[in-house]
Amino acid sequence: MTKYIIIANWKSNPDAPGRAAILAHGIEEGIQGLRGVEVVIAPPFPYLLPISNVIKKAKLGSQNMFWEDVGPYTGEVSWHHLRHIKANFVIIGHSERRRYCGETDSMINKKVKAALENGLTPILCIGENERVDNDIPAVVGEQLRHALAQVKKSHLKNLIVAYEPVWAISTTVGAVSDTPDNAFRALVYIRKILADLYGRKLADLVRVIYGGSVNAKNIESFLLEGKMQGALVGGASLDPKEFVEIIKKASEC
Ligand code: PGA
């Protein structure tokens, strides 16, 4: 297993397929020869297939997935569709989906189980809405416990948990951003819950990563001081230079 995983969450960007292809090319070129980092690109659904033809070193991820098999589920995408185009990762429970699309803990739990049972690696997003100084609110633990209800021990090695405090996502200059100290507190908290649920040895198989305004300037602090095993990167993944720089820094950590 590589040391770190860096995941590009393009969200609903860019606006045209040509720009998506240029972006993917830029990332792919920039990461040739880099070691110790696994790179995943998660574009919007319509770009998954074209991007899968562009990338070789980077891997493909989806931003969402339905929990049911193929069938009468208008507007949904199943694990079958993702597996066929070699998208092996899927972001599940992102705060924007919880907020704008009404995703509940129970829906997220079904998606996590469907992904794990069908050979996909879920990137389960959890995180509190409001900042609480020097503390990780209990809601983070509740989200984690709900999402993992009935998840089998044998599947843990394929699970990634992304701690994304909602207040630290997409912050612009001047807004509150997170500290590696807080990220480390979250890591300890998440690992403790995983150990309560599955025992320390199995809990250690789960990769825990950080998301929230990660850029080339702060990535090292989240990896080295925050002890995170990677990052889920939104805004900064839309600039190939910046994103490649993040990956280079991670490969040197
Ligand atoms: P951001 O987004 O890097 O733009 O804060 C991260 C995310 O929402 O996954």
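Conventions used here
Throughout, residues of each chain are indexed from 1 in the direction in which the sequence is written. In keeping with the predicted nature of the model, local features appear solely for residues at pLDDT of at least 70, side-chain atom pairs appear and are counted solely at 80 or more, and the whole-chain, interface and lining totals rest on all residues. Derived side-chain values reflect all non-hydrogen atoms in the structure, with water molecules and hydrogen atoms excluded from consideration. Put simply, DSSP H or I for four residues or longer makes a helix, DSSP E for two residues or longer makes a strand, and each gets a number counted from the N terminus. Here the radius of gyration uses the C-alpha set of atoms, whereas the globule reference equals 2.2 Å times the residue count to the power 0.38. Accessible area is worked out with a 1.4 Å probe on protein chains only. A residue is then buried under 20% of its type maximum, exposed over 50%, and partly exposed in between. Contacts: residue pairs with any heavy atoms within 4.5 Å of one another. Accessible surface is estimated by sampling points in the Shrake-Rupley manner with a 1.4 Å probe; for residues, cover comes only from the protein chains shown. Charged residues are defined narrowly, with Lys and Arg counted positive, Asp and Glu counted negative, and His plus the chain ends left uncounted. We put the charge of a Lys on NZ, of an Arg on CZ, of an Asp on CG and of a Glu on CD. What makes a nonpolar core is a set of buried Ala, Val, Leu, Ile, Met, Phe, Trp, Tyr and Cys residues whose side-chain atoms join them at distances within 4.5 Å. In what follows, salt bridge is the name for a side-chain nitrogen of Lys or Arg lying within 4 Å of a carboxyl oxygen of Asp or Glu. DSSP bridges decide pairing: two strands pair if at least two such bridges lie between them. Throughout, right-handed denotes a crossover for which the path from the first strand over the helix to the second runs clockwise when the strands point away from the viewer. A cutoff of 4 Å decides nearness: a residue is near a molecule or strand if any of its heavy atoms lies inside that distance of it. In protein, a polar contact requires one atom able to donate a hydrogen and another able to accept it; more generally it is a pair of N or O atoms within 3.5 Å, and residues adjacent in sequence count only if both atoms are side-chain atoms. Polar here means any residue other than Ala, Val, Leu, Ile, Met, Phe, Trp, Tyr, Cys and Pro, which are nonpolar, and Asp, Glu, Lys and Arg, which are charged; Gly is therefore polar.

Chemist: Help me get a handle on the overall build of the protein, residues and values and all.
Modeler: When helices and strands are tallied, the protein shows 10 helices and 8 strands. The C-alpha atoms of the protein give 17 Å as radius of gyration, which agrees with the globular expectation for 253 residues (18 Å, within 12%). Buried positions account for 52% of the 253 residues belonging to the protein. Counting contacts in the protein only where the partners sit at least 6 residues apart, residues at least 24 apart contribute 71% of the total. As displayed, the protein has an accessible area near 11800 Å², and 52% of this comes from carbon and sulfur atoms. Mean positive and mean negative side-chain charge positions of the protein (31 and 27 charges, respectively) differ by 6 Å.

Chemist: So what's going on with the nonpolar core? Residues and values would help.
Modeler: The biggest cluster of nonpolar side chains holds 74 residues, and the ones touching the most others in it are I6, W10, L124, L144, L148 and F243. The biggest single contributor to this core is helix 7 (residues 180-198), with 8 residues. Ignoring anything within four residues of it in the chain, the contact list for I6 reads V37, E38, V39, V40, I219, G230, A231, V233, F243, I246, I247 and A250. V40, A42, I160 and A162 belong to the second largest nonpolar core, which has 12 residues in total.

Chemist: Residues and numbers for the pattern of salt bridges, please.
Modeler: The final tally for this structure, using the stated rule, is 10 salt bridges. The partner of R19 in a salt bridge is D15, and the shortest N-O contact between them spans 2.7 Å. A salt bridge links R98 to D105; the nearest nitrogen and oxygen atoms lie 3.0 Å apart. Since its relative accessible area comes to 18%, R98 is described here as buried. Each of the salt bridges in this network shares a partner with another, and the network as a whole consists of E38, K59 and R207.

Chemist: I'd love a proper account of the pairing of strand 7 (residues 207-211), names of residues and values included.
Modeler: Taking burial as the measure, the 5 residues of strand 7 include 5 buried ones, the bulk of the element. Residues R207, I209 and G211 line one face of strand 7 and the alternating positions V208 and Y210 line the opposite face, and both faces are buried. One ladder, built from 4 bridges, connects strand 6 (residues 160-163) with strand 7; its direction is parallel. Within strand 7, the residue paired with Y163 across the bridge is Y210. As judged from the 2 bridges shared by strand 7 and strand 8 (residues 230-233), these two strands associate in the parallel manner. Across the sheet, the residue bridging to Y210 is A231, located in strand 8. As for the winding sense of the linkage, the β-α-β connection from strand 7 through helix 9 (residues 219-225) to strand 8 is right-handed.

Chemist: An account of the site of the ligand is needed here, citing residue identities and associated values.
Modeler: Every residue close to the ligand is listed here: N9, K11, H94, E164, I169, S170, G212, S213, L232, V233, G234 and G235. K11 is positioned with one of its side-chain polar atoms (N or O) 2.7 Å from an oxygen atom of the ligand. Measuring from an oxygen atom of the ligand, one finds a side-chain N or O atom of E164 at 2.6 Å. Relative to its unbound accessible area of 290 Å², the ligand is 97% covered by the protein chains. Looking at the shell around the ligand residue by residue, the class counts come to 3 nonpolar, 7 polar and 2 charged.

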